[in-house]
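Structural overview
Each chain, letter by letter, is given below.
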Amino acid sequence: SGSHAVHFLDYVRTNAPDVFVNCRYAGVDASQDACANFERRVHDAHPGVASAVVADARSEWTLPANFQDESCPTVVFALELLDNLPHDKVRDGFEGWVVDGREDFRPAADAWVRRALAPDDPV
């Protein structure tokens, strides 16, 4: 939706205006509609600073040409990518994992997960 981008750029503009002058923000999403909404929302708040790339974040993609300055420091926020991984899913004694891009549940083997499932039993 672009809300993180707007708030992040607001913060940088207010607290580090010298950094904001050269700041660029690229959003990557597989949905063309999501990219259009992102660009519209961020452009309203920060014209010319952000761009959206329609691509699956798991595959290879390229930044827009005006964002490819290798001398600039780079920060990556993988908000949606991390949000969609089952890294924290535990269900009925099973841990969620990503295998070949799909969720796979295996018996809980991690000591911390097993301890959380049965707090009265020693691990």
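These figures come from a predicted structure and were not determined experimentally.

1. A few points about the nonpolar core
- Judged by nonpolar contacts, Ala5, Val6, Leu9, Val12, Phe20, Cys23, Tyr25, Cys35, Phe38, Val42, Val49 and Ala52 together constitute the single largest core of 12 residues.
- Within the residue set of this core, elements represented by two or more residues are helix H1 (3-15) and helix H3 (32-45).
- The element best represented in this core is H1, accounting for four residues.
- For valine 42, the residues in contact, after removing those within four places along its chain, are Gly2, Ala5, Val6, Leu9, Pro47 and Ala50.

2. Details of the side chain of histidine 46
- For histidine 46, the location among the structural elements is in the loop between H3 and strand E2 (50-54).
- At a separation of 3.3 Å, a polar atom in the side chain of histidine 46 contacts the side chain of arginine 13.
- With residues up to four places along the chain from it excluded, the contact list for histidine 46 reads Val6, Leu9, Asp10, Arg13 and Phe20.

3. As for the pairing of strand E1 (residues 25-29)
- One ladder, built from five bridges, connects E1 with E2; its direction is parallel. Following the sheet pairing, valine 28 is matched in E2 by valine 53.
- Between the parallel pair E1 and E2, the chain is carried across by H3, and the sense of this crossover is right-handed.

4. Details of the pattern of salt bridges
- Under the definition given, this model contains two salt bridges.
- As a salt-bridge pair, arginine 13 and aspartate 10 come within 3.3 Å of each other at their nearest N and O atoms. Taken as a pair, arginine 13 and aspartate 10 lie in helix H1 at a separation of three residues, close to a single helical turn.
- Given a relative accessible area of 38%, arginine 13 falls into the partly exposed group.
- With its nearest N and O atoms 3.0 Å apart, the salt bridge here joins arginine 106 to aspartate 104.

5. Brief notes about H1
- With 13 residues, H1 extends 18 Å between its outermost C-alpha atoms, agreeing within 8% with the 18 Å of an ideal straight helix rising 1.5 Å per residue.
- Residues Ala5, Val6, Leu9 and Val12 constitute the buried set of H1. Seen from one end, H1 has its buried residues packed into an arc of 135°, which puts them on one side. Turned more than 90 degrees away from the buried face of H1, the exposed residues are His7, Tyr11 and Thr14.
- Residues of H1 that are buried in the fold lie against helix H2 (17-20), E1 and H3.

6. Let's talk about H3
- Given a rise of 1.5 Å per residue, 14 residues ought to cover 20 Å, and the 20 Å separating the end C-alpha atoms of H3 matches this to within 8%.
- All of the buried residues along H3 are Cys35, Phe38 and Val42. All buried residues of H3 lie within an arc of 60° about the axis, which places them on one face of the element. For H3, the exposed residues set more than 90 degrees away from the buried face come down to Gln32, Asp33 and Asp44.

How each quantity is defined
Each chain has its residues counted from 1, running along the sequence as written. Where totals are concerned, whole chains, interfaces and linings use all residues; where local detail is concerned, this predicted model gives features only for residues with pLDDT of at least 70, and gives and counts side-chain atom pairs only at 80 or more. Think of the side-chain values as coming from all heavy atoms in the structure, minus any hydrogens and water. Within this scheme, the nonpolar core is defined by two criteria: the residues are buried Ala, Val, Leu, Ile, Met, Phe, Trp, Tyr or Cys, and they are joined through side-chain atoms within 4.5 Å. Categorising residues by exposure relies on relative accessible area from a 1.4 Å probe, with only protein chains included: less than 20% of the type maximum marks a residue as buried, more than 50% marks it as exposed, and the intermediate range marks it as partly exposed. A helix here means a DSSP run of H or I that spans at least four residues, while a strand means a run of E at least two residues long, and both kinds are numbered starting from the N terminus. We call two residues in contact whenever any of their non-hydrogen atoms come within 4.5 Å of each other. The term polar contact refers here to a pair of N or O atoms within 3.5 Å; inside protein, the definition further demands a hydrogen-donor-capable atom paired with an acceptor-capable atom, and it admits residues adjacent in sequence only when both atoms are side-chain atoms. When DSSP finds two or more bridges between two strands, those strands count as paired. Looking down the strands as they point away from the viewer, one classifies a crossover as right-handed if the path from the first strand across the helix to the second runs clockwise. Put simply, a salt bridge is a Lys or Arg side-chain nitrogen that is within 4 Å of an Asp or Glu carboxyl oxygen. Helix span, expected: 1.5 Å multiplied by one less than the number of residues in the helix. What the arc covers is the set of directions going from the helix axis to the C-beta atoms.

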